[in-house]
Amino acid sequence: MVLSKPASDSDLSMLATSASRYVRDSLPRYEMPENSIPKEAAYQIIHDELLLDFKPKLNLASFVTTLMEPECDKLIMESINKNYVDMDEYPVTTELHNRCVNMIAHLFHTPLGESEDAIGVGTVGSSEAIMLAGLAFKRKWQNKRKAEGKPYDKPNIVTGANVQVCWEKFARYFEVELKEVKVTEGYYVMDPAKAVEMVDENTICVAAILGSTYNGEFEDVKLLNDLLLEKNKQTEWDTPIHVDAASGGFIAPFIYPELEWDFRLPLVKSINVSGHKYGLVYAGIGWNIWRSKDDLPEELIFHIKYLGAEQSTFTLNFSKGSSQIIAQYYQLIRLGQEGYKNIMENCHKNAMVLKEGLEKTGCFEILSKDDGVPVVAFSLKNKKGSHDEFEVSEMLRRYGWIVPAYPMPADAQHVIVLRVVIRAEFSRTLAERLVHDITTVLHELEKLPPKVNSESKEFHVNVEENGSNGVVSKRKSDLETQREITTYWKNYVSAQKEIKRQKVMAS
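Residues numbered from 1 in each chain as written. Predicted model: local features only at pLDDT ≥ 70, side-chain atom pairs only at ≥ 80, totals over all residues. Heavy atoms only, no water.

**Some points on the side chain of N202**
Then step 1. Mapped onto the elements, N202 comes out in the loop between α6 (192-198) and β4 (203-209).
Then step 2. Those residues in contact with N202 that lie beyond four places of it in its chain are W141, R145, K154, P155 and N156. (Helix = DSSP H or I, 4+ residues; strand = E, 2+ residues; numbered from the N terminus. Contact = heavy atoms within 4.5 Å.)

**Quick notes on the packing of aromatic side chains**
Then step 1. A full pass over the atoms with the stated rule returns nine aromatic pairs.
Then step 2. Grouping aromatic residues by their ring pairs yields a cluster made of F250, F254 and Y340.
Then step 3. The lysine or arginine in question, K146, covers the ring of Y152, its NZ or CZ lying 4.9 Å from the ring centre.
Then step 4. Cation over ring: K277 sits above F63, and NZ or CZ is 5.3 Å from the ring centre. (Phe/Tyr/Trp six-rings, centres within 6.5 Å; stacked < 30°, edge-to-face > 60°. Lys NZ or Arg CZ within 6 Å of the ring centre and 35° of its normal.)

**Quick look at the pairing of strand β11 (residues 375-380)**
Then step 1. Burial analysis of β11 places six of its six residues in the buried class, the great majority of the element.
Then step 2. What you see with β11 is no split at all: V375, A377 and S379 on one side and V376, F378 and L380 on the other are buried throughout.
Then step 3. Pairing of strand β10 (residues 364-366) with β11, which is carried by three bridges, proceeds in the antiparallel orientation. Among the inter-strand pairings, E365 is bridged to a residue of β11, identified as S379.
Then step 4. Pairing of β11 with strand β13 (residues 416-421) involves four bridges; the strand directions are antiparallel. If you follow V376 over to β13, its bridge partner there is V420. (Buried < 20%, exposed > 50% of the residue type's maximum accessible area, 1.4 Å probe, protein only. Pairing = 2+ DSSP bridges.)

**A few points about the confidence of the model for the protein chain**
Then step 1. The share of residues in the protein chain with pLDDT of 70 or more is 85%, and the mean pLDDT across the chain is 88.
Then step 2. Counted against residues more than four places away or in other chains, residues 1-10, with its pLDDT under 50, gives three contacts.
Then step 3. Here residues 454-474 scores under 50 on pLDDT; set against residues more than four positions off or in separate chains, the count is 29 contacts. (pLDDT = per-residue confidence, 0-100.)

Below you can see the structure in the form of structure tokens.
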């Protein structure tokens, strides 16, 4: 016999969430609530609010992996409660980390002996890896200058203006002058010759990018190495190179194996790579590999004993999850070189499909290269009635796509680009669909009035009014013009909805 009774406070967890008071009460946003709520309600409320996020798979602004196999997801959940820093307690996890370091080091042609272990570290991403690499270069340069009795208070680093913001963070946080090689229209990466010209006795290293954030292009590390070797010979300096291979480090070895950019070049002393980009792991894992022990000053390594056994650490943070390290090892052994090669080739082919589709519209100039990270960067050839790339980006959001628009770096800021990152989970079908939606957006822009440029105030409408002395010419204000455009837009949207409604009724 089933008995029913009014639900008391203790029975709230038995109610469906939609029947409880939690869906009608506003939850605290700035302070912790005084009382607990049922786990089902907490889950459902948070889950529902997160539905307002865009779909990660359609976020084409990001290089970060958004899809892994269920088996790897299972491993991640099984190890999510392990703190990597507890190496004595989790020795197998530490061993998997070291295997990853050695596999990646061999991928980058690190000159190791037959049984010699590679020198490297797992990080939370390439930003931390770059901080560690930069610190190693700075400390080694300072030690050399001290030994020579020379000033060591004004270190600098040479990069292109197209570097990722983490390089600016390193320079600012660790008091190193950042000397940037400006880009030019049509050449959006660091010019090796100009970079070497900027090197002086206080340069701790030159940073080259294997896969520019702006257009995916590889910088010419081989030419940089050769020019810097010559300058070092003339000046008796020993300025080294760091390669920021955050995006390209897991691409070049598989589809451009003959390209010399890594430890095959003698001046390359360290390389960072993002495991969570084309290493095919979820966000939260990066790697830095050093050429040899001599390139990582011993005084930067800490030896701790209070976790049960003596262990060495060289990271900016202490505690860190183990899941992404285990996921990286899974991908390395699951895919192998064959799997990575197939995935990178697919990414490249789908990038070419997208590029060719955009070229067929006749509306875009392609600013990315065929060889490099599978990125398609493109710009409008002719601004359609003063409409620009930012409007294209905004209108694509209505179709679910996140395609960023942004200016190029210093000395080419006037060039605005749209950029699509082709990741492993981006299929040819999606590439073709994106071309279709971009074409639709272009047609929609053609029907809209010109965009108001509030800074230059170039767009004005002249109207005539009857004055006391006859007809007077008057300019509409920017606000009046903007209101007129807004009204036009509302009418246009309403008309399109009516057309669709009539089509549905007719069918």
